[in-house]
Amino acid sequence: MTKTIGIADTMFARVDMFKTAKKAIDDSTEIIKIERYTVPGVKDLPVACKKLFEEYNCDICLALGMPGDKPIDKTCVHEASQGLINVQLMTGKHILEVFVHLDEGKSEKELFKITTNRTYDHTLNAIALLKSKTALSKNAGKGIRQGHENAGAID
Amino acid sequence: MTKTIGIADTMFARVDMFKTAKKAIDDSTEIIKIERYTVPGVKDLPVACKKLFEEYNCDICLALGMPGDKPIDKTCVHEASQGLINVQLMTGKHILEVFVHLDEGKSEKELFKITTNRTYDHTLNAIALLKSKTALSKNAGKGIRQGHENAGAID
Amino acid sequence: MTKTIGIADTMFARVDMFKTAKKAIDDSTEIIKIERYTVPGVKDLPVACKKLFEEYNCDICLALGMPGDKPIDKTCVHEASQGLINVQLMTGKHILEVFVHLDEGKSEKELFKITTNRTYDHTLNAIALLKSKTALSKNAGKGIRQGHENAGAID
Amino acid sequence: MTKTIGIADTMFARVDMFKTAKKAIDDSTEIIKIERYTVPGVKDLPVACKKLFEEYNCDICLALGMPGDKPIDKTCVHEASQGLINVQLMTGKHILEVFVHLDEGKSEKELFKITTNRTYDHTLNAIALLKSKTALSKNAGKGIRQGHENAGAID
Amino acid sequence: MTKTIGIADTMFARVDMFKTAKKAIDDSTEIIKIERYTVPGVKDLPVACKKLFEEYNCDICLALGMPGDKPIDKTCVHEASQGLINVQLMTGKHILEVFVHLDEGKSEKELFKITTNRTYDHTLNAIALLKSKTALSKNAGKGIRQGHENAGAID
């Protein structure tokens, strides 16, 4: 049966993260339906994902956001993350949180690159998780990073 | 069917935020019913919103508040925000949190302006979310800010 | 029908806050039943309030406490506050948190005064909330403070 | 009917807190059954208490632990405390948290004394709470501390 | 009846923690079935464990992870830990959190050793908890540490 990926994104973000997630899905050989939900900011993502699961029958969600660089923003993203975990526990389904902090890149160019890479990589992770609980096991303990260089394994 | 927006506000706030929210609704061409709920402070907003959803059949809520500038106030607003997210997850409905910190403006005049703008903008967001999950998609990734100048998109 | 106010207080507090809450109720012209529940400290208040609602049919609760002035106490009161909000969301009923931090007053005399005023004022708020969801609306956005001087409205 | 006190303790703690809790129960004139549950550390206490309530029919629980003195330990104990409050709200039963931080005493001797006193006092509080919701009311607002000297009342 | 241990691990970790957990189970004389679930990072562990309990009938879980050393990582692991406690409370089953912070060792060699020891020790703890609620009581209050030297008991 065709699987559905819910993609929740925000107006606050400064990069069109949805476009990259959609590209990653299109690039894959999978037949996947997309349901999009756009909200103002990261704190609105948890309920958007809950609705994507319950009202739009999504099998997994991507929560895309770019929290700000002020202390208040750090608190907001913490609240958003807690909410996203709670939605997962209420629904028994994964939400991959793809958050890029606005102070994570040294320039707009770097920020754009991190955002695009992380969104692309996590979309592939979502597709893998739809397949089986061990689809990612071959990469376990390998120090994999999305959006930055991998840290690598310690043997 | 007529939609209902719940508006929860506080005595602690220093600006009449309800008035601005009501104006934004009146200015819109939508037929919308308003249910108001006034509580002492931001920590009382979560249960007020839950009651607006469950006892007054609201379709979406605005939680209006102006947390103080002391460390204890920062903790209070964090607790309030967590509660507001939890209400959303329990009810499957959006609450747009419209909080303006008392130390966010440099003067009372600026504080008033931020408060009015943010309340007005988020009321419009609430009206959009009542329409469809992609009503705001045209603004996704555009660095939209409510109450401050937009940050803009990075392409 | 006679309404019931649950009052949860602690042994940790240094002021008999229950006495003030009871006085405010007695001073009002309302016929209100009181159920009291005393626990060791603020972290025990959430379940006490839950029991007041569920086992003693209270319509609203006051959670009275005086958290300490050490970092560990700040964490404790944060946990208590989160719990109190959760109880409200589980029961759909208000709990007015009346907390006075032991470092909030410069002297024992001032601390006593803040505690008494805040407890009295919030008890009146509880009585108002029992009446209707807009009983406090006339004071919305007025910068009302309980236990300290009001901050006032910005027009 | 015989009441049951659940006692959850940890391997991480450096003092045998269970022994003191058992002594306080034995010293009392009450007929009380004890169910013990030992877990690795404080973060394992919440589910242990939940199981004590649900699988072993305990009427109240003591959660005994000695969190470490590093920043990570402060976070752990915060998480444990939140969990313990959540268990209370899920079950409608009290858990008295008896935590002694490893940096709370200036010497091992003082730490041992604080631990023993706090455990003993809170065990008596648990026995009181089993009797009635006002069994502790005579001590409300008296600045009672467990394990340290009482702060006293402000009149 | 054969017991099942769920083991959730991450791609973010830099050590193959699953291998050590499996070895500890193999070294024991117990007949235990293993269900593995691999996710990107620690924040994905809570729902993985929930699924291990509900979809794969696990009796207990190990949540294996190696959070990073930046402030954002500390927040992530806090959120993960809260989620893991919530899963335990929702399911009434233990999850032993085996987290090793990337800044916990002074060298990669030391980090590897801490990780291996902690994973091995907590796997044995999980096996003990499957037996009875007092299987670990002989070690209560002994200052036991997993991955570091024991702190020892204070008598």
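A quick note: this is a predicted structure, and the numbers were derived from the prediction, not measured. (Residues numbered from 1 in each chain as written. Chains lettered and ligands numbered in written order. Predicted model: local features only at pLDDT ≥ 70, side-chain atom pairs only at ≥ 80, totals over all residues.)

Time to look at the overall build of chain A. When helices and strands are counted, chain A shows four helices and four strands. Taken from the N to the C terminus, the helices and strands of chain A come in the order β-α-β-α-β-α-β-α. Scaling as 2.2 N^0.38, a compact globule of 155 residues should have a C-alpha radius of gyration of about 15 Å, and chain A matches this with 15 Å. Out of the 155 residues in chain A, the part that is buried amounts to 54%. (Helix = DSSP H or I, 4+ residues; strand = E, 2+ residues; numbered from the N terminus. Rg over C-alpha atoms; globule rule 2.2 N^0.38 Å. Buried ≥ 20, exposed ≤ 12 C-beta atoms within 10 Å, placed from the backbone.)

Attention shifts here to the interface of chain A and chain B. Contacts between the two partners involve 33 residues from chain A, matched on the other side by 26 residues from chain B. Residues that form the side of chain A that touches chain B fall into these classes: 16 nonpolar, six polar and eleven charged. (Contact = placed C-beta atoms within 7 Å. Nonpolar A, V, L, I, M, F, W, Y, C, P; charged D, E, K, R; others polar.)

Overlay of chain E on chain D (RMSD 0.0 Å): rotation 72 degrees, translation along the axis 0.0 Å. Interpreted geometrically, this transformation is the action of a five-fold axis. A distinct binding surface is used by each copy, with only 4% of the interface residues of chain E retained as interface residues in chain D. (Least-squares fit on C-alpha atoms with pLDDT ≥ 70 in both.)

The residue C:N57 is not glycine, and still its phi comes out positive at about 50 degrees. Summarising the element assignment, C:N57 is placed in the loop between α2 (45–54) and β3 (60–65).

All right, on to the arrangement of the chains then. Taking C-alpha atoms as the reference, chain A and chain D come no closer than 13 Å and do not contact one another. At the C-alpha level, the nearest point of chain C lies 13 Å from chain E, with no contact between them.

Right, let's get into the sheet that holds strand β2 (residues 32–39) of chain E. All names here are of chain E. The four strands are arranged β2-β1-β3-β4 in an open sheet whose pairing can be described as parallel. The sheet terminates laterally at β2 and β4 (95–99), the two strands that pair on one side only. Taken over all neighbouring pairs, the strand axes of this sheet differ in orientation by 20 degrees on average, direction set aside. Summarising the sheet, strand β1 (residues 3–10) and β2 pair through eight bridges and their orientation is parallel. For D9, the partnering residue across the bridge sits in β2 and is T38. Running at roughly 165 degrees to strand β3 (residues 60–65), helix α4 (residues 108–131) makes contact with β1, β3 and β4 of the sheet. (Pairing = 2+ DSSP bridges. Axes fitted to C-alpha atoms, helices over the stretch in contact; angles between N-to-C directions.)

The relative placement of two packed helices comes down to the angle between their axes together with the axis-to-axis distance. One way to put it is that α2(C) packs onto helix α3 (residues 71–91) of chain D with a least axis distance of 9 Å and a crossing angle of 10 degrees. One way to sum up the angle between α2(C) and α3(D) is to call them roughly parallel. Only D:I85, D:Q88 and D:L89 of α3(D) make contact with α2(C), whose side of the interface consists of C:P46, C:V47 and C:K50. Grouping the constituent residues of the contact of α2(C) with α3(D) by class yields four nonpolar, one polar and one charged. (Parallel < 35°, antiparallel > 145°, perpendicular 65-115°, else oblique.)

This next bit is on the relation of the copies chain A and chain B. Note on the identical chains: chain A maps onto chain B by a rotation of 72 degrees and an axial translation of 0.0 Å, with an RMSD of 0.0 Å. Of all interface residues in chain A, a mere 3% are interface residues in chain B too; the two copies therefore contact each other through different surfaces.

The strands that make up a sheet are held in pairs by hydrogen bonds between backbone atoms, and each pair lies either parallel or antiparallel. Residues and elements named next belong to chain D. Taking strand neighbours across the sheet as the criterion, the four strands line up as β2-β1-β3-β4 in an open arrangement whose pairing is parallel. The sheet is open, and its two edges are formed by β2 (32–39) and β4 (95–99), each paired on a single side. Here the strands of the sheet are splayed against their neighbours by 20 degrees on average, with no regard to which way each runs. Contacts from helix α1 (residues 17–27) reach β1 (3–10), β2, β3 (60–65) and β4 within the one sheet, and its direction differs from that of β1 by about 160 degrees.

Before going further, it helps to spend a moment on the packing of helix α1 (residues 17–27) of chain A against helix α4 (residues 108–131) of chain A. Residues and elements named next belong to chain A. The contact between α1 and α4 brings their axes to 8 Å, and the two run at 40 degrees. One finds that α1 runs oblique with respect to α4. Crossing of α1 against α4: the hand is right-handed. Counted together, M17, T20, A21, A24 and I25 of α1 and T115, T116, T119, Y120, T123 and L124 of α4 form the full contact between these two elements. Here the residues of the contact of α1 with α4 are counted per class, giving six nonpolar, five polar and no charged. (Left-handed = near helix turned anticlockwise from the far one by under 90°.)

To continue, consider the interface of chain E and chain D. Tallying the contact residues gives 27 residues for chain E and 33 residues for chain D. Looking at the side of chain E that touches chain D, the elements with two or more residues in it are α3 (71–91), β4 and α4 of chain E. Looking at side-chain class alone, the side of chain E that touches chain D contains nine nonpolar, 15 polar and three charged residues.

Another point: α1(D). Residues and elements named next belong to chain D. When we look at burial in α1, the residues that qualify are M17, F18, T20, A21, A24 and I25. What you see down the axis of α1 is that its buried residues fit within an arc of 165 degrees, all on one side. Among the exposed residues of α1, those oriented more than 90 degrees off its buried face are D26 and D27. (Arc of directions from axis to C-beta.)

So, on to the environment of E:T4. All names here are of chain E. Relative to the elements of secondary structure, T4 occurs in strand β1. Taking the C-alpha atoms as reference, T4 lies 18 Å from L45; in sequence the two are 41 residues apart. Aside from chain neighbours lying at most four places away, what touches T4 is K33, E35, N57, C58 and D59.

Here we come to the environment of B:E97. Residues and elements named next belong to chain B. On the secondary structure map, E97 appears in strand β4 (residues 95–99). On the basis of neighbour count, E97 is assigned to the buried category, with 26 C-beta atoms found within 10 Å. Taking the C-alpha atoms as reference, E97 lies 9.3 Å from T119; in sequence the two are 22 residues apart.

A few words on the pairing of strand β4 (residues 95–99) of chain C. All names here are of chain C. Summarising burial for β4: five of the five residues are buried, a large majority. When β3 meets β4, the two strands line up parallel, connected through five bridges. Across the sheet, C61 pairs through a bridge with I95, a residue of β4.

Let us now look at the confidence of the model for chain A. Mean pLDDT over chain A: 96, with 100% of residues reaching 70 or higher. For this predicted complex, the interface confidence comes out at an ipTM of 0.97, alongside a pTM of 0.97. (pLDDT = per-residue confidence, 0-100.)

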